[in-house]
Amino acid sequence: MTAIADRAVSRPRPLRSTGGTVAAYVSLTKPKLVELLLVTTLPAMMLAAGGWPGTGLVVATLVGGMLAAGAANTINCWYDRDIDRLMSRTRDRPIPSGVIAPRNALVFGVLLAWVSLILLGLFTTPLATALAAAAVLAYSVLYTMVLKRRTRHNTVFGGLPGAAPVLIGWAAVTGSLDWPAFVFFGIVFCWQMPHFWALASRFRFDYFRAGVPMLSVVAGPVTVGRQSVAWAWGTLGTSLLMVPATPQLGWVTGLATLGLGAWYVAESHAWLRRIKAGVPDRPMRLFSVSITYMTLLSIALVADVLV
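Reading the values: the criteria
Residue numbers restart at each chain and count upward from 1, following the sequence in its written direction. Totals for whole chains, interfaces and linings use every residue, but because this is a predicted model, local features are given only for residues with pLDDT of at least 70 and side-chain atom pairs only at 80 or more, for both listing and counting. The side-chain quantities take in all heavy atoms of the structure and omit both hydrogens and water. UniProt positions are given in the numbering used here, feature names are shortened, and annotations may be inferred rather than shown by experiment. Reported domain spans reflect what an automatic or database domain assignment gives. Residues count as neighbours in contact if any of their non-hydrogen atoms are within 4.5 Å of one another. A quick way to say it: buried area is the sum, across both parts, of accessible area lost when two parts are put together, with a 1.4 Å probe. We define a polar contact as two N or O atoms separated by no more than 3.5 Å, with the added condition that, inside protein, one atom must be a possible hydrogen donor and the other a possible acceptor, whereas residues neighbouring each other in sequence contribute only through side-chain atom pairs. Secondary structure is summarised from DSSP: a helix means a run of H or I of at least four residues, a strand means a run of E of at least two, and numbering begins at the N terminus for each. Following the grouping adopted for this structure description, the nonpolar residues are Ala, Val, Leu, Ile, Met, Phe, Trp, Tyr, Cys and Pro, the charged ones are Asp, Glu, Lys and Arg, and the polar ones are all others, Gly among them.

Looking at an unreviewed UniProt entry, one finds the protein named Protoheme IX farnesyltransferase and attributed to Modestobacter marinus. According to UniProt, the comment filed for the protein under the heading Pathway (unreviewed entry) is "Porphyrin-containing compound metabolism; heme O biosynthesis; heme O from protoheme: step 1/1." Listed in UniProt under the heading Catalytic activity (unreviewed entry), the comment for the protein reads: "heme b + (2E,6E)-farnesyl diphosphate + H2O = Fe(II)-heme o + diphosphate".

Structure follows, in structure tokens:
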């Protein structure tokens, strides 16, 4: 976007207190999304350690991961400020609303990235640090700047950095990667497709108006529903590999992967049925179920390691 375009759509910046300004910067990091990503990091660390990996390492990894994800999200907000102004869901974000200048947001995002990598480099492992750097670049550059506005497959590519916290957590403990880490990565990767397509379907008009070729924009609702069902089945199938791939896991994880996975599949089928029936399809119901699914699965993994 050109500077002229920025000026043309800029708004007067409202006066804010110090606390309000800090809150605006925090909101650039998309804290709810960061929180969801970190939900998968701790179970991965505990699986790798076969127990509690140590408070210092846990804190350093979670804080470093939080800053890395926050950096990628902030750069995403900086780059997408033009389309954020066009979408009802995002037009009140700090940059399009004029609370934070684009340049300040970019500096903040880059600073967060450097701090996160320094923290991870000092207190975790070189592999964990490299994976975090790759995830930041993959999301903020490859996904946000290259693929998001060019291909309907953007969500699939964006799922790779979205699942990276699993690998980062495992590598922070062991300095390497193993099959359980890849299986858990696969679960999170597959899980993201129905999760995000449900959200994108709820806001399909926003993405259409912004010219972003999300699947819900370029394909019909039935196609979106069918692909969501397929990826939900992929989530279930991959999750059933968790126990065989991880010797320390037992019946707790076995029951959780089967029960939660079946629930996720059933809800995706229910969404598809509503779409085909021409009734209100309520995609946010699947979105809510997806969040509960990942939260409960992570809790089950932690509980199984501790039992």
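Further notes follow.
A. Looking closely at the domain arrangement of the protein. We note that the domain assignment places domain 1 (26-176) and domain 2 (178-306) within the protein. Distance between the C-alpha centres of domain 1 and domain 2: 20 Å. Taken together, the contact between domain 1 and domain 2 spans 33 residues of the former and 41 residues of the latter. Note on domain 1 versus domain 2: buried area summed over both sides is about 3,100 Å², and carbon and sulfur give 75% of it. Interface area lost by domain 1 to domain 2 is led by Leu47, Arg89 and Arg152, which between them contribute 21%. For the interface between domain 1 and domain 2, the tally reads seven residue pairs in polar contact (both at pLDDT 80 or more). Elements with a contribution of two residues or more to the side of domain 1 that touches domain 2: α4 (41-49) and α9 (154-174). In terms of residue count, α9 provides more of the side of domain 1 that touches domain 2 than any other element does, 12 residues in total. Split by residue class, the side of domain 1 that touches domain 2 holds 17 nonpolar, 10 polar and six charged.

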